[in-house]
Structures are given as C-alpha cells and as structure tokens.
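One letter stands for each residue in the lines below.
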Amino acid sequence: MGTTYQRVLLKLSGEALMGDLGYGIDPTIVQAIAQEVSEVVATGVQVAIVVGGGNIFRGVKASAKGMDRATADYVGMIATVMNAITLQDALEQKGVPTRVQTAIAMQEVAEPYIRRRAIRHLEKGRVVVFGAGSGNPFFTTDTAAALRAAEIDANVIFKATKVDGVYDSDPHVNPDAKRFQSLTFKHVLDRDLRVMDSTAIAMCRENNIPIIVFNLFERGNIQRVVAGETIGTYVGGSCEIC
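Residues numbered from 1 in each chain as written. Predicted model: local features only at pLDDT ≥ 70, side-chain atom pairs only at ≥ 80, totals over all residues. Heavy atoms only, no water.

Counting across every chain of the model gives 10 salt bridges. Its salt-bridge partner being Glu-151, residue Arg-148 comes within 2.7 Å of it at the nearest N-O pair. Here Arg-148 and its partner Glu-151 are both found in helix α6 (residues 141-151), 3 residues apart, which amounts to about one turn of the helix. According to the relative accessible area criterion, Arg-148 is buried, its value standing at 4%. Look at Glu-151 and you get partly exposed, because its relative accessible area is 23%. A single network of salt bridges, built from pairs that share partners, joins Lys-11, Asp-142 and Lys-159. (Salt bridge = Lys/Arg side-chain N within 4 Å of Asp/Glu carboxyl O. Helix = DSSP H or I, 4+ residues; strand = E, 2+ residues; numbered from the N terminus. Buried < 20%, exposed > 50% of the residue type's maximum accessible area, 1.4 Å probe, protein only.)

What follows is the structure, encoded as structure tokens:
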C-alpha cells in the first residue's frame, strides 16, 4: 500500500482506549491500535501520537464538581502519561521502537519533551508518544496535538474517534444527521462543529495542517487514511458546502 504522507500525528482520545469499558484501558483495543500503527510504520511513514486521558480522569468534569481547575488539569495530564506508557509497551511488543516524551518532567519513566530529539526519533523510524498534553492547565490535548504537529512539521493530524467523521448533528441522537466529506477550518469554527477545540482549529489553520477525522474502530482505517483514501471528514482548505 502506498503512502500519501511522510510524517503524521495521530490524536487518540482517552475514551477510545477504554473501548466498551466504563473506565480504564481495554488491552484488546490498545493491542489493535498498536498493530495498525506498526503496519503503518513498516511502510516508512513517521508516526507521532498524542493521547488523551479521559478514560482515567477528566479535568473539566472534576472542575465542574468543585475541584480547582488547574489542579484538575494537572491530574488529567498525569492520566495521559499512563496511557502513553501503555501504548509504548503495546507498540514495543509489536517490535516498534517507541519513545514517550512528556511535557511535565517524569525522568524515571519518560523523556522530557525536546523538539529536536522528537524529530530525530521520528527520522530514525521510532514512534514518539507525547504525554502530559502541553504541560499547561486550561489547554486540551487537542490543542497539544495541534501544537506538537506544528512543532514537528507533521503533514497532517489524524483524529481517531468512535464515529466515522464530522456530522451536522449528533448521529447517535439524530438518525438523519449528515456527514461532511470535507470542511474548511472557518466552517468548523463558524458552525461550532466540535471537531477539536477552537484553539486547536485556529492553530491548524495558521500552520496549514489539515485534520482528518475517521473511525478508529474499523480495522485498517489508519492504513487507509495514511494511504490517502477518502474516508471520514477532511478539514482543511476546501469544503463541499462552500
């Protein structure tokens, strides 16, 4: 299978890692993700990953229940590191050399985030998993994904979700919801389509980094989207509703 992109950033939500569980990490899901990523790496594509922590702790929800927001966000950052280390283990079991870099220093378990070192790892064929978000409270892991993608000069952000693209309304609630094949950044912001948070979308627009939203749970989709197949929803410079 050919490839369209040389360097990609895969954004995984914490919720994706728990599968049908109510909490935590589903080992079957993690192993399936690792298998697909290993197949992509085998084609020569450089892969970086940003993972969320919502399967373990969500700072916004904790803040809404009275916890200090900054404190809650830091706890959430630590949760993302747990997920990152779990992904690293699964990838290395598949024979893929992997490095975890964190925005908060945890030198006993991961490298500190250093941009040049991350790029060098990618050039050597290693997967780099970025943990602890951006290292700052009040910013989501979506924003961290956009930031890291810009810093490492990624060609694209792949946002892997539980649905097969971006809809004009919630497809779980509205059976007649329409899925968009392509959107501009402006339409996403103007229509508040919740692809990623507005800060992440603005950063991607400023740095001309397209986003492709697709269903993580259909086998082979990561390879298909890397190969340039038209799946999910493309967010970038063109739009079917312009």
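Glancing now at the packing of helix α2 (residues 27-41) against helix α4 (residues 69-93). Between α2 and α4, the least distance of the axes is 9 Å, while the angle of their chain directions is 55°. Taken together, α2 and α4 sit at an angle that is classed as oblique. Considering how the two elements wind past one another, α2 and α4 form a crossing that is right-handed. Together, Val-30, Gln-31, Ile-33, Ala-34 and Val-37 of α2 and Thr-86, Leu-87, Ala-90, Leu-91 and Gln-93 of α4 make up the contact between the two elements. (Axes fitted to C-alpha atoms, helices over the stretch in contact; angles between N-to-C directions. Parallel < 35°, antiparallel > 145°, perpendicular 65-115°, else oblique. Left-handed = near helix turned anticlockwise from the far one by under 90°. Contact = heavy atoms within 4.5 Å.)

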